[in-house]
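Breakdown of the fold
Chain by chain, the residues run as shown.
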Amino acid sequence: MIIYKEIIKPKILSFDLDDTLYDNKDIITHAEEEFYQHLKSNYFNNFEFSKEVYNQEKKRLVFELPELSSDVSLLRFFVLYNLLIRNGYSSSEAKKKSKELLQYFIEIRSNINISRETFDVLSSLASKYKLVVLSNGNANFQNKELGNLFDNFIYANINIGAKPSKRIFDYLLKLYNIKPLELCHVGDDEKTDVFGAYNIGAQVIWQTQYRMNEKKLRVLPNCKIENISELLQIFL
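Residues numbered from 1 in each chain as written. Predicted model: local features only at pLDDT ≥ 70, side-chain atom pairs only at ≥ 80, totals over all residues. Heavy atoms only, no water.

1. As for the state of the cysteines
For the coordinates displayed, the defined rule picks out zero disulfides. Considering cysteine sulfurs only, Cys-184 is the nearest to Cys-223, which forms no disulfide, with 8.5 Å between them. You can call Cys-223 buried: its relative accessible area is 0%. (Disulfide = S-S within 2.5 Å. Buried < 20%, exposed > 50% of the residue type's maximum accessible area, 1.4 Å probe, protein only.)

Here it is as structure tokens:
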């Protein structure tokens, strides 16, 4: 643990999900490959479908509608919708199938086993603080045991933006009627988490447990930890 600045007891502890509470790299790679195979085997028979075709459509949409980059679920929906239309589905069929496929993807990408250590740490913190998920992704823990530890789940979307935008942090602050220093955000990413929280005036803890290659920080967090259990030393 490296403490750079004093940590003031917060009212809310917010947490990123991917690569903060678990190692997401293999999880997302497996989910994407399973998803592409499912699409190719069951939905795309009239034209050549591949991961490259999917990504090309994704890039095209983000170029034309940059706001979609802040909402990974909505972006995936429109990519699927457009590809299904191209493959001969009617508009109503494409809309229905895209919704179903989005839920299918969220389900398989949320098949995550949280370590007992992480669960116990969060459980201990939840006994003293309100915990809130603040994520740019779409992993869903709301109906799982872990979800019971969190007071709220806030996911990036086109209405409130995505980290590091001030909009998503402002949304959290207004939701709980707290000042920036009354929030402490825990996350792994140097830009979206560390800079994002710092830029709104909140406290931030850089969680590097699952970081393979750390990037240069633009700003200093309050603290850097290498294992989530170190949060107990800070807050309890």
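2. With respect to the side chain of His-185
Following the sequence through the fold, His-185 ends up in strand E5 (residues 183-187). Using a relative accessible area of 0% as the deciding quantity, one classes His-185 as buried. The contact partners of His-185, leaving out residues within four places of it in the chain, are Ser-14, Phe-15, Asp-16, Leu-134, Lys-163, Phe-169, Asp-193, Ala-197, Gln-203, Val-204 and Ile-205. (Helix = DSSP H or I, 4+ residues; strand = E, 2+ residues; numbered from the N terminus. Contact = heavy atoms within 4.5 Å.)

3. Observations concerning the packing of helix H3 (residues 72-86) against helix H4 (residues 91-109)
Remark: H3 packs on H4, axes separated minimally by 8 Å, with the N-to-C direction vectors making an angle of 135°. Between H3 and H4, the angle is such that the two are oblique. Every pair of crossing elements has a handedness; the one defined by H3 and H4 is right-handed. Where H3 abuts H4, its residues Ser-73, Arg-76, Phe-77, Leu-80, Tyr-81, Leu-84 and Ile-85 lie against Ser-91, Ala-94, Lys-95, Lys-97, Ser-98, Lys-99, Leu-101, Leu-102, Phe-105 and Ile-106. For the contact of H3 with H4, the class distribution of residues is 10 nonpolar, three polar and four charged. (Axes fitted to C-alpha atoms, helices over the stretch in contact; angles between N-to-C directions. Parallel < 35°, antiparallel > 145°, perpendicular 65-115°, else oblique. Left-handed = near helix turned anticlockwise from the far one by under 90°. Nonpolar A, V, L, I, M, F, W, Y, C, P; charged D, E, K, R; others polar.)

4. What to know about the pattern of salt bridges
As enumerated under the stated definition, the model contains 16 salt bridges in all. Between Arg-109 and Asp-18 there is a salt bridge, with the nearest N and O atoms lying 3.1 Å from each other. Linking Arg-109 in helix H4 with Asp-18 in the loop between strand E2 (12-15) and helix H1 (25-42), this pair joins segments that are 91 residues apart in sequence. Taken individually, Arg-109 and Asp-18 each receive the classification buried, so the pair is uniform in this respect. The partner of Glu-57 in a salt bridge is Arg-60, and the shortest N-O contact between them spans 2.7 Å. On the criterion of helical spacing, the pair formed by Glu-57 and Arg-60 is a turn pair, its members being three residues apart in helix H2 (residues 51-64). A relative accessible area of 2% means that Glu-57 is categorised as buried. When its relative accessible area of 35% is taken as the criterion, Arg-60 is described as partly exposed. (Salt bridge = Lys/Arg side-chain N within 4 Å of Asp/Glu carboxyl O.)

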